[in-house]
Amino acid sequence: MQVSPARYSRSIDWITVLLYAVLVVIGWVCIYASSYSPDAPANALGSLSFDKLMAFNWFKQLLWIGTAVILIVVLLVVDYKAYDTFAYALYGGMVALLVVTMFVARPIAGSRSWLEIGPVRLQPAEFAKFTTALAASRFMASINLRYQDWRDQLMLAGITLLPPVLIVASNESGQALVFGALLLAYFREGMSPLILLLLAGAGVILLLALLVPKLWLVGAFSANLVAVLALNRRVLRHHLPLAVGVWLTVIGMVVGVDFFYNNILQPHQRQRIEVLINPSSDPLGKGWNVTQSKIAIGSGGLLGKGFLQGTQTKFDFVPEQSTDFIFCTVGEEFGWLGSFVVLALYLTLLWRIIHVAERQKSVFGRTYGYCVASVLFFHMMVNMGMTIGLAPVVGIPLPFFSYGGSSLWSFTILLFSLLALDAYRKQDLVR
C-alpha cells in the first residue's frame, strides 16, 4: 500500500530528528572550538580558498554534515521493506569489506581499519554495526529466542561475533567492543539474563585478578566452594560436578589472566588498562591524555570559561580533542551546566529511541530499535567515561559529536533507518 508524502511526513518522529539536529549542531560548535586558532582569519569561509579550508576540521565536518543530510533523505525514501529484505546481503557485503580492509588498508597508528578513496577515508568497522544490527534483527525475527535450541544460539553468536573478530584482526579493538552492547537488545527479546550475569561476573573476576594477589583470590573462591558444599547438601549430592567445574573455570581465569595480559594484549592495550587502574602512575606519559582531559573538564567549573576561551582546548593540551576527547571542550568551555545539558540530550534521545522501538509492530523493527539504542548508549557511556578516567581510552567516538565522516554517517544510518521503519510501523513487513 502506497503512502502519500504528506501522510509519510506526519509519520516521521520529528522529536528524534530534532534531537539529532541539536546534537550535531552542538557537536560542530565544539569541533570548531577544539580546532580554533586565534591566528586564523576572522572570516575564513570568505577569505580562504577551498584547499586551505580543508585544513580545518570544522570545515570538513560541515561537508560531512551536508552529505549526512543527503543520506537522511535517501534513507527515508528507500522502501522500508528493503531493510529487512536485504539485511543478510548487506551483512555479507560488509563482512567481505572487512576482510578486504585487513589486507589493503594502509597502517595508521598500528591499525589497518581505514579505506582510502581519493581524499576520503572511511572506516568499515563503523558501518559494520549497522549491518550486524540488521542481520541479527532479521534472524531474531525468525525464531523465538525464549525457546530456541543451541543451534539458534550459535547462529546468533556467529552473526554477532564475526565482524568484531575481523575488526580485532585489523588491530582495532575499541570498535570491536561495541558489538557486545547488542546483548542488551537480545536480552529485551528474551535472551536469558544468566548470559549477561556470567559475562559481567567474568569481567569482575578478571579485573580482581589484576588488582588483588592471585593467592588471595584462589583462597577466597576455594573457601566459597567449601562453604557452599557444606551448607547446601543438595549441591553436594546432585550438582557437585557442576560446582567443581565452575570453581576450576574461575581459578583458571585467575591464574591465566597474567598470560593473557602479557602475551595476548598489545602494549597500547596494556597501557590503557594500567592508566584506568592507576592514572597517576605516569601522568606525563601514558596517562597524559586522561590527566589533561580531567584538568580541562574540571577547570570549566559550573558555567565554563566561555566559547573559545578554554586554555586546555586553545593550546592543544588534550590530544585528539576533536575526536575521542571532544567532551572535554564541553566541560571546559560550557562547564558542568553545559555537560549536564549534553548528557540530558543524549538520555532524551535514548529514551525516544526506546519509545520508538517499543511501538513497532514487527519483531524485526523492535529488535533493530533496541540495537540502535544499545550501540548509542555504549558509545556515549564509554566516551564520556574515558574523558573523566572512568573507562579505558579505547578510541570510541561520541555519537553525532566527534569529528569524522565515518562516525557521523554510521550513526546517521543507524538512527534514520529506524525512523524509516517507524514511519511505516502500521504496515506488516512482507518478505
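Read on for an overview of the structure. For clarity, every value in this text was computed on a predicted model and none was experimentally measured.

### Observations regarding unusual backbone geometry
The phi torsion of most residues other than glycine is negative, and most of the peptide bonds are trans.
Here is step 1 of the chain: Unusually for a residue other than glycine, Leu-308 sits at a positive phi of about 70°.
Here is step 2 of the chain: Tracing the sequence through the fold places Leu-308 in the loop between helix H17 (288-299) and helix H18 (311-314).
Here is step 3 of the chain: The exposure class assigned to Leu-308 is buried, which follows from its relative accessible area of 16%.
Here is step 4 of the chain: At Phe-400, a residue that is not glycine, the phi angle is positive and equals roughly 70°.
Here is step 5 of the chain: Position of Phe-400 among the secondary structure elements: in the loop between helix H20 (363-387) and helix H21 (405-423).

### Description of the packing of aromatic side chains
Here is step 1 of the chain: Per the stated rule, a full pass over the model turns up 15 aromatic pairs.
Here is step 2 of the chain: Here the aromatic rings of Trp-58 and Phe-59 are separated by 6.1 Å at their centres, their planes lie at 85°, and the arrangement is edge-to-face. The two residues Trp-58 and Phe-59 agree in class, both being buried.
Here is step 3 of the chain: Ring geometry for Trp-336 versus Phe-340: centroids 5.5 Å apart, planes at 15°, classification stacked. Taken together, the residues Trp-336 and Phe-340, both in helix H19 (residues 327-358) and 4 residues apart, mark about one turn of the helix.
Here is step 4 of the chain: The exposure class of Trp-336 is exposed, given its relative accessible area of 52%.
Here is step 5 of the chain: Classification of Phe-340 by relative accessible area gives partly exposed; the value is 45%.

### Some thoughts on the packing of helix H8 (residues 124-141) against helix H9 (residues 150-169)
Here is step 1 of the chain: For the pair H8 and H9, the least separation of the axes is 10 Å and the interaxial angle reads 175°. One finds that H8 runs roughly antiparallel with respect to H9. Between H8 and H9, the contacting residues are Ala-125, Ala-128, Thr-132, Ala-135, Ala-136, Phe-139 and Met-140 on the first element and Asp-152, Met-155, Leu-156, Ile-159, Thr-160, Pro-163 and Ile-167 on the second.
Here is step 2 of the chain: Along the lines of polarity and charge, the residues of the contact of H8 with H9 split into 11 nonpolar, 2 polar and 1 charged.

### Here's the deal with the layout of surface pockets
Rolled over the atoms, a probe with the dimensions of a water molecule shows which regions are left empty.
Here is step 1 of the chain: In this structure, the second largest pocket encloses a volume near 1,500 Å³.
Here is step 2 of the chain: Residue lining of the second largest pocket: 50 residues in total, with Trp-114, Arg-121, Glu-320, Thr-323 and Asp-324 positioned closest to the centre.
Here is step 3 of the chain: Going through the elements one at a time, helix H5 (57-77), strand S2 (120-122), helix H10 (173-177), helix H16 (267-277), H17 and H21 are the ones with two or more residues in the lining of the second largest pocket.
Here is step 4 of the chain: Broken down by class, the residue content of the lining of the second largest pocket amounts to 20 nonpolar, 22 polar and 8 charged.

Here is what the cut-offs are and how they apply
Residues numbered from 1 in each chain as written. Predicted model: local features only at pLDDT ≥ 70, side-chain atom pairs only at ≥ 80, totals over all residues. Heavy atoms only, no water. Helix = DSSP H or I, 4+ residues; strand = E, 2+ residues; numbered from the N terminus. Buried < 20%, exposed > 50% of the residue type's maximum accessible area, 1.4 Å probe, protein only. Phe/Tyr/Trp six-rings, centres within 6.5 Å; stacked < 30°, edge-to-face > 60°. Axes fitted to C-alpha atoms, helices over the stretch in contact; angles between N-to-C directions. Parallel < 35°, antiparallel > 145°, perpendicular 65-115°, else oblique. Contact = heavy atoms within 4.5 Å. Nonpolar A, V, L, I, M, F, W, Y, C, P; charged D, E, K, R; others polar. 1 Å grid on protein atoms, 1.4 Å probe; cavity = no way out; pocket = protein on both sides within 12 Å on 5 of 7 lines; lining within 4 Å. Points joined across faces, edges and corners; volume = space filled by probe spheres on them.

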